[in-house]
Amino acid sequence: MIVTFPLLFGPLAVSHPKSRLGMAVLALALVSACTAPPPPATMNDPNEVANREVHDFNTSVDRALLRPASGTYGTSIPAPVKQGISNFSDNLGQPGNVLNGLLQGRPQNALENTLRFAINTTVGIGGLFDPARAIGLPGRKTDFGETLHVWGAGEGTYVVLPFIGPSTERDTVGAMVDFAINPLQLLLPRPESYVGPVAKIASRLGDRSQYSDTLDSVLYDSADGYAQTRLLYLQNRRFELGQAPSAEDAYLDPYEDPNAQ
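Within each chain, residue numbers correspond to sequence positions counted from 1 in written order. Under the rules for a predicted model, residues below a pLDDT of 70 receive no local features and side-chain atom pairs below 80 are neither given nor counted, while totals for whole chains, interfaces and linings still include all residues. Neither water nor hydrogens contribute to the side-chain values; these are computed over all heavy atoms in the structure.

Student: So what about the overall build of the protein? Which residues, and what values?
Tutor: Helix and strand definitions follow DSSP, with helices as H or I runs of at least four residues and strands as E runs of at least two, each counted in order from the N terminus. Secondary structure assignment for the protein yields 13 helices and two strands. Partly exposed residues are those whose accessible area sits between 20% and 50% of the maximum for their type, while under 20% is buried and over 50% is exposed, using a 1.4 Å probe and protein chains only. Out of the 261 residues belonging to the protein, those deemed buried represent 41%. Any two residues whose heavy atoms approach within 4.5 Å are treated as being in contact. At a minimum sequence separation of 6, the contacts of the protein that also span at least 24 residues come to 75%. In the form shown here, the protein has an accessible surface area of approximately 13,500 Å², with 63% of it arising from carbon and sulfur atoms. Surface accessibility follows the Shrake-Rupley procedure with a 1.4 Å probe radius. Residue values consider only the protein chains on display as shielding.

So this is what it looks like as structure tokens:
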């Protein structure tokens, strides 16, 4: 499980579709010449002081707003409704999964996501229900950060983003491009284009509620919530990308300074 904060766009939002496309093209140009180093075995966090400040800010926002809001959401919204919102949010992300599957050279994944989107959008009433999973199409979630990884871009340094949480330089660029090239964001007029972000935020509140005990343990009960969050995020992300941890990484001390000589 990746430990994140559930607000999604914040400083990554760009107001105009043409601006978003321009940003995407620029990002693609910047990474096209990158050559990825071997899979990292340690945590690269040279900006730990600044990252800790942002982590503390995010934790204060979670304590004051997100944790209480997710608690209210979790107890006041019926489970079937929460599941429907989660399904709807997941379905809105399928076009991005299809596009990234193609960019990664994985046509089978792209086809599965295409079929899943078509079935859930029609039979599943706009994605509120998930009949595709029942017939063996669970989908293949991906993102442009993984696309950059497939293309050979390195992980970069560890980053903590305001309102969003842990990331890396590569995944931060990936998130910006995912938002910029989202087909639904580009095709839907306003205010319909806001439906997706609102549904995603509601879905993340549901996740915050569902995993409340685990998140509270990491953020508030750990000896060092920042170090635990960093460790969990990087290990989980590398696992998602198929980067098995080395023997040293598997027993990494989360409280050790990753930049100590």
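We are not done yet, so read on.
Student: How would you sum up the pairing of strand β1 (residues 158-161)? Please name residues and give values.
Tutor: With burial as the criterion, each face of β1 is covered, one bearing Tyr158 and Val160 and the other bearing Val159 and Leu161. Across four bridges, the pairing between β1 and strand β2 (residues 165-168) is antiparallel. Across the sheet, Tyr158 pairs through a bridge with Thr168, a residue of β2. One bridge is not enough; two strands pair if DSSP finds at least two bridges between them. Here β1 folds back onto β2, and the loop between the two strands holds three residues, one of which, Phe163, carries a positive phi near 70 degrees.

Student: Please give an account of the confidence of the model for the protein that cites residues and values.
Tutor: The predicted coordinates should not be examined in detail at positions where pLDDT is low. The quantity called pLDDT is the predictor's confidence in a given residue, expressed from 0 to 100. Looking at the protein, pLDDT values average 83 and 76% of them are 70 or higher. Scored below 50 in pLDDT, residues 7-37 makes 47 contacts in the model with residues more than four places away or belonging to other chains.

Student: Requested: an account of the environment of Gly156, with residues and values cited.
Tutor: With respect to the element layout, Gly156 can be found in the loop between α7 (144-151) and β1. On the basis of relative accessibility, which here comes to 29%, the residue Gly156 falls in the partly exposed class. A C-alpha to C-alpha distance of 6.0 Å links Gly156 and Arg170, two positions 14 residues apart in sequence. Leaving out residues up to four positions away in the same chain, Gly156 has contacts with Asn44 and Glu169.

Student: Mind laying out the packing of helix α3 (residues 79-92) against helix α10 (residues 195-210), listing which residues take part and the relevant values?
Tutor: The angle between two axes is taken between their N-to-C directions and runs from 0 to 180 degrees, where each axis is a line fitted to C-alpha atoms and a helix contributes only its stretch in contact. Following both chains from N to C, one finds α3 and α10 inclined at 130 degrees, their axes separated by 9 Å at the closest point. Comparing their axes, α10 and α3 come out oblique. The chirality of how α3 crosses α10 is left-handed. On α10, the residues that touch Ile85, Ser86, Phe88, Ser89 and Leu92 of α3 are Val195, Gly196, Ala199, Lys200, Ala202 and Ser203. Amino acids outside the nonpolar list (Ala, Val, Leu, Ile, Met, Phe, Trp, Tyr, Cys, Pro) and the charged list (Asp, Glu, Lys, Arg) are all regarded as polar, and Gly is one of them. Residue classes in the contact of α3 with α10 are distributed as six nonpolar, four polar and one charged. Should an angle fall under 35 degrees it is taken as roughly parallel, and over 145 as roughly antiparallel, whereas 65 to 115 is taken as roughly perpendicular and any remaining angle as oblique. Two helices cross in a left-handed way if the nearer one is turned anticlockwise from the farther one by less than a right angle. They cross in a right-handed way if the turn is clockwise.

Student: Just give me the short version of the pattern of salt bridges, but keep the residues and values in it.
Tutor: Between Lys or Arg on one side and Asp or Glu on the other, a salt bridge is scored when a side-chain nitrogen of the former is within 4 Å of a carboxyl oxygen of the latter. The final tally for this structure, using the stated rule, is 18 salt bridges. The partner of Glu48 in a salt bridge is Arg52, and the shortest N-O contact between them spans 2.8 Å. Residue Glu48 and its partner Arg52 are located together in helix α2 (residues 48-76), separated by four residues, close to a single helical turn. Looking at Glu48, the relative accessible area reads 17%, which means it is buried. What makes Arg52 partly exposed here is its relative accessible area of 27%. In the salt-bridge network here, residues are joined through shared partners; they are Asp45, Glu48, Arg52, Asp224 and Arg230.

Student: Outline helix α8 (residues 169-181), listing residues and values.
Tutor: Residue pairs spaced three or four apart in an α-helix point in one direction, given the helix's 3.6 residues per turn. Given the number of residues in a helix, its expected span is that number minus one, multiplied by 1.5 Å. Helix length check: α8 (13 residues) gives 19 Å between terminal C-alpha atoms against 18 Å at 1.5 Å per residue, within 8%. Taken residue by residue, α8 has Arg170, Asp171, Thr172, Gly174, Val177, Phe179, Ala180 and Ile181 as its buried positions.

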